[in-house]
Amino acid sequence: MQVQSAYASGMQGLQSAQQGLAQATTSVAIPDQQKPAVPTSTQDTVTLSSQAVTANDQTSALISATESVNQGQASAKVIEAASETIGSLIDIEV
């Protein structure tokens, strides 16, 4: 089992936060009237149920956006701590 470095974990967290924020803001920007209300006949039951689960109202999308911002801030702190730790280990500042 390979353990990721703190820097790699922080970068992965930032990318995940960016993707989450993009998805949440898209959900807020597209009103419910523009989203397809009636599914097409070619979709199966699994697809329909997953669409029902993923259909978020604007409130939950805004909450998700806030969570993504918090995740991004935490990931930035992880990267900063990793940079400081590496700098102190090799006695330089990165």
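In this numbering scheme, every chain counts its residues from 1 along its sequence in written order. This being a predicted model, a pLDDT of at least 70 is required before a residue's local features are given, and a value of 80 or more before pairs of side-chain atoms are given or counted; all residues contribute to the totals for chains, interfaces and linings. To get the side-chain values, all heavy atoms of the structure are used, and hydrogens and water are removed first.

Participant: Outline the overall build of the protein, listing residues and values.
Facilitator: Along the backbone of the protein there are three helices and zero strands. Runs of E in the DSSP output that reach at least two residues are strands. Runs of H or I that reach at least four are helices, and both are numbered from the N terminus. For the protein, the succession of helices and strands along the chain, N to C, is α-α-α. To sort residues, take the accessible area from a 1.4 Å probe on protein chains only and compare it with the maximum for the residue type: under 20% means buried, over 50% means exposed, and anything in between is partly exposed. Going through the 94 residues of the protein one by one, you find that 15% of them count as buried. Only heavy atoms enter the contact rule, under which two residues are in contact if any of them lie within 4.5 Å. Long-range contacts, defined as pairs at least 24 residues apart, comprise 79% of the intrachain contacts of the protein with a sequence gap of at least 6. Using the Shrake-Rupley algorithm and a 1.4 Å probe, accessible areas are obtained, with residue cover drawn only from the displayed protein chains. Split by element, the accessible area of the protein, about 7,300 Å² in all, is 58% carbon and sulfur.

Participant: I'd like to hear about the confidence of the model for the protein, residue by residue, with values.
Facilitator: As a per-residue measure, pLDDT tells how confident the predictor is, with possible values from 0 to 100. Scored by pLDDT, the protein comes out at a mean of 76, with 61% of its residues at no less than 70. Mean pLDDT per element in the protein: helix α2 (residues 45–54) is the minimum at 49, and helix α1 (residues 6–29) is the maximum at 92.

Participant: Mind laying out the side chain of Ser 75, listing which residues take part and the relevant values?
Facilitator: Here Ser 75 shows up in helix α3 (residues 58–89). Not counting the four nearest positions on each side in its chain, Ser 75 is found in contact with Gly 10, Gly 13 and Leu 14.

Participant: Please give an account of the environment of Tyr 7 that cites residues and values.
Facilitator: Within the fold, Tyr 7 resides in helix α1. Note: C-alpha distance between Tyr 7 and Glu 80 (73 residues apart in sequence) is 8.4 Å.

Participant: Lay out α1 in plain terms, naming residues and giving numbers.
Facilitator: For α1, spanning 24 residues, the distance from its first C-alpha to its last is 34 Å, which sits close to the expected 34 Å at 1.5 Å a residue. The set of residues buried in α1 consists of Gly 10, Gly 13, Ala 17, Gly 20, Ala 24 and Ser 27. One less than the residue count of a helix, multiplied by 1.5 Å, gives the span that helix is expected to have.

Participant: A description of a nonpolar patch on the surface should follow, citing residues and the corresponding values.
Facilitator: What goes into a patch is any residue over 30% in relative accessible area without a salt bridge, connected to like charges within 9 Å or, for nonpolar side chains (Val, Leu, Ile, Met, Phe, Trp, Tyr), within 5 Å. For this analysis, a salt bridge means a side-chain nitrogen from Lys or Arg found within 4 Å of a carboxyl oxygen belonging to Asp or Glu. A cluster of nonpolar side chains, namely Tyr 7, Met 11 and Leu 14, defines an oily patch on the protein surface of about 260 Å² accessible area. Relative accessible area serves as the criterion here: at 49%, Tyr 7 is assigned to the partly exposed category.

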